[in-house]
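Topology and contacts: notes
Now for the letters of each chain:
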Amino acid sequence: MANKPLYYGDSKGGPMYYGASKVAYGSSPRAYGGKNPIYYSSGRQYGGAYGQYGGYSGTPGSDDGSVIGTITITRILRVVSQRWLSVFVFMLVGLIVSFAIYRISPTIYQATSDFSMDIRRAVGRQTGTLADAMPDLGNNYAEIFNTRLPEWRSDRIVQKILHAYRKDNPKATATDDMIQSTLSGSELELQRNSRLITITVRSTDPALAAALANAYADAIEDFTDEENKVRCDKAVSQIHQNVEKKRREVERIEKHLLDSRTLNKVDNLRAMRETNQQALQKTTADVLALEREESQLIEWEKMLGEVQKNPETFGALESSVPRAQEILSEYQAFLKARMDYENLLVNFTEEHPEVKIKAAELEAAKRRFLDATERASSTGRSMLQVTRNQLRSLRSKQQELSNDLASLEQRIVMAESELKSLEDESGVARRVLEGLIFDENKARLDAENNNEIIRVARRATVPTKPVAPNPIIIFGAGIVLSLVAGFVFVLILDNLEDTIINLSDIEGRLALKVLAVLPHVRLRQREQVAKFAAEDKYSQFSETVAGLRNLLDSPRYEAMSHCLLVISTQPGEGKTITSTSIAISYAQAGRKVLHVDFDLRRPRLARVWGLKLDEAHSFSHALQRYAEAKGGQDGGTAKFDFASLVNKSELPGLDVIASLPPEGVAPSSIFGSVVVSEFFEWARENYDRIVIDAPPFGIVGDVVSLAMAADGILMMCRPDRTHFRPIQYCVRTLTEAGANILGVIVNDIEMANVSAFSPSMHHNYGYKYGYKYGYKYGYGYGYGYRPAASKKGKKTDGGAAAAPEGESATVATKSGVTLVHPDDEDGGEIAESREAEDMSDGE
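Residues numbered from 1 in each chain as written. Predicted model: local features only at pLDDT ≥ 70, side-chain atom pairs only at ≥ 80, totals over all residues. Heavy atoms only, no water.

Some thoughts on the overall build of the protein chain
Our working definition: Helix numbers and strand numbers start at the N terminus; a helix is a DSSP run of H or I with at least 4 residues, a strand a run of E with at least 2. Any residue under 20% of the maximum accessible area for its type is buried, any over 50% is exposed, and the rest in between are partly exposed; the area is computed with a 1.4 Å probe on protein chains only. Whether two residues touch is decided by their heavy atoms; if any such pair falls within 4.5 Å, the residues are in contact. Accessible surface area values rest on a Shrake-Rupley calculation with a 1.4 Å probe, where residue burial reflects the displayed protein chains alone.
From N to C terminus, the protein chain includes 25 helices and 18 strands. Looking at the protein chain as a whole, 47% of its 843 residues qualify as buried. Put simply, 80% of the contacts in the protein chain that link residues at least 6 apart link residues at least 24 apart. Total accessible area computed for the protein chain in this model is approximately 41900 Å², and 53% of it derives from carbon and sulfur atoms.

Spelled out as structure tokens, the structure:
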């Protein structure tokens, strides 16, 4: 064992190339490609033209870098069942912590007050100044509440609350810092499907909580009213400016009108005009009277002049004629004297003394009459002169009054024209002002229709029952959190173990397809387990291998199964036994099979098949000699007969090429030469199937070289032994090299506990034949019978109970592989023996 390669290590402690820590595969999951390594990015990376392997539909490798790992119900149940004591301890600690929190928590009282918020919106879309002044707070109560909430929790509101609280509670002893600290934990919540907003204040003092809740509601109401007023003033500010401007213009016009009236004294002018008009009318009347009097006096004077010339022409006189009575009296005396004279002339002649006396009396009467007329005429002329003088004076006064009245009329007309113009201008300005005031009021109403009206709906009362601490919440949260922490803790512990537990770990975390699940076989010797498929072809193990063979022969995998490479990431995972069983199954199916031991550093097939070899027939030594010969002078013409290395097995159609321990052999130089390529060319030409037992994947490049030459790779996985990181590193390396990984073979599973291993695995029983189809063309198929001596329930030598006669046990996996075994009496004695783990050979 001294010259064994180091990478094998100890069979129990794991391969030494893993190192003492995880550094060999990177100190973090990023060593494999971060959270999404390249070899997990798509299922086609593994399946080539045949698509993604495995039934996993999520993101492959999504738990890489996760401390907890993949969370599934099956895994949680498994982990909790294994580590329930840890979960119970966490729950107990959670209860203790909850009790301590309940005891030390202060008693909190909660007071609530409500205020209503009414949205008033004008009909139609606002534009212009109003739209600019009114902020868009939203179209529903929730939007407006969320928009207003920062304002309602601002420092300005806090100051208003302090003012309202001090006003309502003048004797309160609470400090401003205490109030502000209490308000910092207050809450405002819009009640669902309502316009009510609830203010919640919590404090250790119930009276303080109620008072602050009420003060908060009052402060918000006052704040909103002030904001509404400011917003309305802003909305009508432009119109208000126009109103004030027009108002000043109206005042200016009215002042000018008043000044004009004061300066022109129109009323005085009108009074003067009235006085002058009356004086003029009187003067005119006097003038007219004097003119009539003048005309009459002139007529009287003419008439008196005519009378003086011919008294006979005298007629009647108006009483208004000067000395009219005197003239009338003299005229009557004259007429009487004349009548007496004429009467005397009738009887007497003119010479008659009486006639002459009467004539003298007539002449005297005439003279008196003419004298009276002369005196009247003189009086009339005097009166005429007086009248004319008066008339002249009155006419002069009339002219003055007319001139003054005309001047007054002109002044009045000019003043009234000016006043009329000012009054018209004032009227127009007033109407414009009234229109602007109307527009301002309308805009103010529109602005008020876009405000939020806040009114206190319900005032808070002093609470009597505390709301905290709540034992239900504290202890419930303690239990829940402790259980969650316990679950997380046990999941982390489970994940840190870095071992594959079930099929979900393979298909979920590794995104690889599970091709077969090989049951555990209770046999102690490796050679017995390896050839168990040939010794008992009706066993469950044999049927499982046959199902795997049928799957590989299906149209989906046929092109990739001519040359199969069976690898593992560490010793003890069963690759030698599995490769031997596959080779045996192909030989039983009538194929010409070559089983090759390419584990040149630690060959095992010679002992498995019981071959006695010398260096001349040792595969590793022969390749070493041939490689050296190829490198010599005749390397170009050197030929090697690989058929001379073939060993016939006891099974027809199955040939074996084995090796001796590699003393004096350098496997690295062999894999780097063309000898290996020539060997594969020879093997492909002479055999239907080539099954290669490869060395475990490690830091050496043997497996990579073989993977490039093989058609398909079968990876071994043994639950509770295979680790994630090595197999992840293997998958990534082979995928980057272009190898074709067909899937995973899960080995050493207790079929009695297979349902616990994976929810997707179960037993089905049918009559005589069992069928199960996989993905599209892949299927497993098996049938058979036991000799008539096999009875229902009979125990076999291996200790496993046989299935009922005529029934077939079937195990289905996510990949569609079916483990079929009708009438199996040895179903419990399948797969590699666990006791073989302790064997020094490690495999």
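Past the structure itself, the notes keep going.
Things to note about helix α9 (residues 237-264)
Working note: α-helix, 3.6 residues per turn, so residues spaced by three or four point in the same direction. Threshold: To estimate the expected span of a helix, count its residues, drop one, and scale the result by 1.5 Å.
For α9, spanning 28 residues, the distance from its first C-alpha to its last is 40 Å, which sits close to the expected 40 Å at 1.5 Å a residue. Every buried residue of α9 is accounted for by V243, K246, V250, I253, L257, S260 and N264. Residues of α9 that are buried sit in contact with α10 (266-309) and α12 (353-448). In the stretch just after α9, K265 is the one whose phi turns positive, near 45°.

Examining unusual backbone geometry
For the peptide bond that leads from A468 to P469, omega is 0°, which places it in the cis range. Structurally, the position occupied by P469 is in the loop between β5 (466-468) and α13 (471-496). Even without being a glycine, N193 presents a positive backbone phi close to 55°. The residue N193 is located in the loop between β2 (187-190) and β3 (196-203) in this model. Given a relative accessible area of 77%, N193 falls into the exposed group. Non-glycine residue D748 carries a positive phi angle of around 65°.

What to know about α13
Convention followed: Between N or O atoms, a polar contact is any pair within 3.5 Å; within protein, one atom must be a potential hydrogen donor and the other a potential acceptor, and residues adjacent in sequence are included only when both atoms are from side chains.
Between the first and last C-alpha of α13 there are 36 Å, a value that for 26 residues agrees with the 38 Å anticipated at 1.5 Å per step. For α13, the complete set of buried residues consists of I474, G478, S482, G486, V490, L491, D494 and N495. Where α13 starts, the residue carrying a side-chain oxygen 3.0 Å from the main-chain nitrogen of I472 turns out to be N470. Phi turns positive one or two residues past the end of α13, at D498, with a value near 60°.

Some points on the environment of M715
Among the secondary structure elements, M715 is positioned in strand β12 (residues 712-717). A relative accessible area of 1% places M715 in the buried class. As a C-alpha pair, M715 and L565 span 150 residues in sequence and 8.4 Å in three-dimensional space. Once residues lying within four places of it in the same chain are set aside, the contact partners of M715 are L512, I567, I727, C730, V731, I741, G743, V744 and I745.

Thoughts on the packing of aromatic side chains
Selection criterion: Only the six-membered ring of Trp is used, alongside the rings of Phe and Tyr, when aromatic pairs are assigned; centres must lie within 6.5 Å, and planes under 30 degrees apart are stacked while those over 60 apart are edge-to-face, with the rest tilted. By definition, being over a ring means that NZ of Lys or CZ of Arg is both within 6 Å of the ring centre and within 35 degrees of the ring normal.
What the rule picks out here adds up to 17 aromatic pairs. The interplanar angle of 45° and the centroid separation of 6.1 Å between the aromatic rings of Y102 and F475 together place this pair among those described as tilted. Of this pair, Y102 sits in helix α3 (residues 84-104) while F475 sits in helix α13, and the two are 373 residues apart along the sequence. Note on F679 and F680: the rings are 5.8 Å apart at their centroids and 75° apart in plane angle, and the pair reads as edge-to-face. Given the relative accessible area of 3%, F680 is considered buried. Aromatic ring contacts, followed pair by pair, group F598, F619, Y626, F640, F642, F679, F680, W682 and Y687 into a single cluster. Residue placement shows K592 over the ring face of Y687; its charged tip is 5.0 Å from the ring centre.

Some thoughts on the side chain of T735
Locating T735 in the fold gives a position in helix α24 (residues 724-736). Given the relative accessible area of 13%, T735 is considered buried. In terms of polar contacts, T735 uses its side chain to reach the backbone carbonyl oxygen of V731, at 2.6 Å.

Some remarks on the pattern of salt bridges
What counts is decided by this rule: When a carboxyl oxygen of Asp or Glu is within 4 Å of a side-chain nitrogen of Lys or Arg, the pair counts as a salt bridge.
Counting across every chain of the model gives 35 salt bridges. In this structure, the salt-bridge partner of D114 is R458, at a minimum N-O distance of 3.0 Å. With a gap of 344 residues between them, D114 in strand β1 (residues 108-119) and R458 in strand β4 (residues 452-458) connect regions that are remote in the sequence. Of the charged contacts, one joins D711 and R684 as a salt bridge, the two residues approaching to 2.9 Å between their closest N and O atoms. On the criterion of sequence distance, the pair formed by D711 in the loop between α23 (702-709) and β12 and R684 in helix α22 (residues 675-686) is long-range, its members being 27 residues apart. It is possible to trace a salt-bridge network through shared partners that takes in R156, K160, E226 and E227.

Focus on the environment of Y165
With respect to the secondary-structure elements, Y165 resides in helix α6 (residues 155-168). Taking the C-alpha atoms as reference points, Y165 and A213, 48 residues apart in sequence, are found 9.6 Å from one another. In contact with Y165, not counting residues within four places along its chain, are A172, A174, I179, L208, A211, L212 and A215.

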